[in-house]
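A look at the structure
Spelled out, the chains give:
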Amino acid sequence: VAATLGADQRAMTAAGRDNASTGLLGPVAFYAGAVLLAAAPLMRGGNRFVALVPLEIIALVVLLALAAAAMRTPVESALASFNLRGVLVLAASPLVMAAVQLLPIVPGALWLSLPGHAAFAPVVELAGASGDWRSVSVAPDATAASLLAGLPLAAALLLGFFSEVEELRTMLQVVVVLALLQVLVSVLQLGGDGQFLMLGAFSGAPVGT
């Protein structure tokens, strides 16, 4: 009886751990995710995509680490979760948008009839990109850069989903510390003269980093 009760207790404890954890986040993904959270407020991208490249590289490290961890998990148990499938579909949405916007899947006649596309027809002809099939986007380079900016968002979504409770608590502490540092920098900017504390921003108000 004691052995049976002990086994039941161990099973309940394991179940409790399983309920509190999704269990796929490894140390590489965890630390890369912490770096992603720390770097995010420092990258003042605006409409300049180059400033987002470091975040995108870190996000790729997170995604590759998560993929490596997922490969060590039984497929049956991973696919058994409806929530997991939904989260993966959501995280893959930049890839879906890339396929819709960038692949040449639209007939030329239909492309011209799409709103706002006819005005770009002469430019497309001059660029020598005319053909029977075209991509939906009229500016594929800008579209690709915009979609790449979704990598940190997808990485952060998966980080939150696959983190254990303790890992989430640690990441929350990172965010809180960063928020306090932002407040401190903003207060210093109020009393400072110079562009050093403003980090090159031309603003009459505090801007943090």
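In case you missed it, the structure is sitting above this.
First, a word on what this report is: a plain description of the structure on this page.

Cut-offs applied
- Residues numbered from 1 in each chain as written.
- Predicted model: local features only at pLDDT ≥ 70, side-chain atom pairs only at ≥ 80, totals over all residues.
- Heavy atoms only, no water.
- Salt bridge = Lys/Arg side-chain N within 4 Å of Asp/Glu carboxyl O.
- Helix = DSSP H or I, 4+ residues; strand = E, 2+ residues; numbered from the N terminus.
- Buried < 20%, exposed > 50% of the residue type's maximum accessible area, 1.4 Å probe, protein only.
- Expected span 1.5 Å × (residues − 1).
- Contact = heavy atoms within 4.5 Å.
- Axes fitted to C-alpha atoms, helices over the stretch in contact; angles between N-to-C directions.
- Parallel < 35°, antiparallel > 145°, perpendicular 65-115°, else oblique.
- Left-handed = near helix turned anticlockwise from the far one by under 90°.
- Nonpolar A, V, L, I, M, F, W, Y, C, P; charged D, E, K, R; others polar.

Here we look at the pattern of salt bridges
- With the rule as written, the count across this model stands at one salt bridge.
- Salt-bridge contacts for Arg169 lead to Glu166; the nearest nitrogen and oxygen are separated by 2.5 Å. Of this pair, Arg169 and Glu166 both sit in helix α11 (residues 165-191), three residues apart, roughly one helical turn.
- Judged by relative accessible area, Arg169 falls into the partly exposed class, the value being 41%.

Thoughts on the environment of Ala70
- Mapped onto the elements, Ala70 comes out in helix α3 (residues 53-71).
- Ala70 sits 44 residues away from Gly26 along the chain, and the two C-alpha atoms are 9.7 Å apart.

As for α3
- Over its 19 residues, α3 extends 27 Å from the first C-alpha to the last, a length consistent with the 27 Å expected when each residue adds 1.5 Å.
- Residues of α3 that are buried include every one of Leu55, Glu56, Ile58, Ala59, Val62, Ala65, Leu66 and Ala69, and no others.
- Against α2 (27-39), α9 (140-148) and α10 (151-162) lie the buried residues of α3.

Brief notes about the packing of α2 against α3
- Packing of α2 against α3 brings their axes to within 8 Å, and their N-to-C directions diverge by 160°. Accordingly, the angle class assigned to the pair α2 and α3 is roughly antiparallel. Crossing handedness for the pair α2 and α3: left-handed. Contacts from Val28, Ala29, Ala32, Gly33, Val35, Leu36 and Ala39 in α2 reach Leu55, Ile58, Ala59, Val61, Val62, Ala65 and Leu66 in α3.
- When its residues are assigned to classes, the contact of α2 with α3 shows 13 nonpolar, one polar and no charged.

Details of the side chain of Ser186
- With respect to the secondary-structure elements, Ser186 resides in helix α11.
- Residue Ser186 is classed as buried on the basis of its relative accessible area, which comes to 18%.

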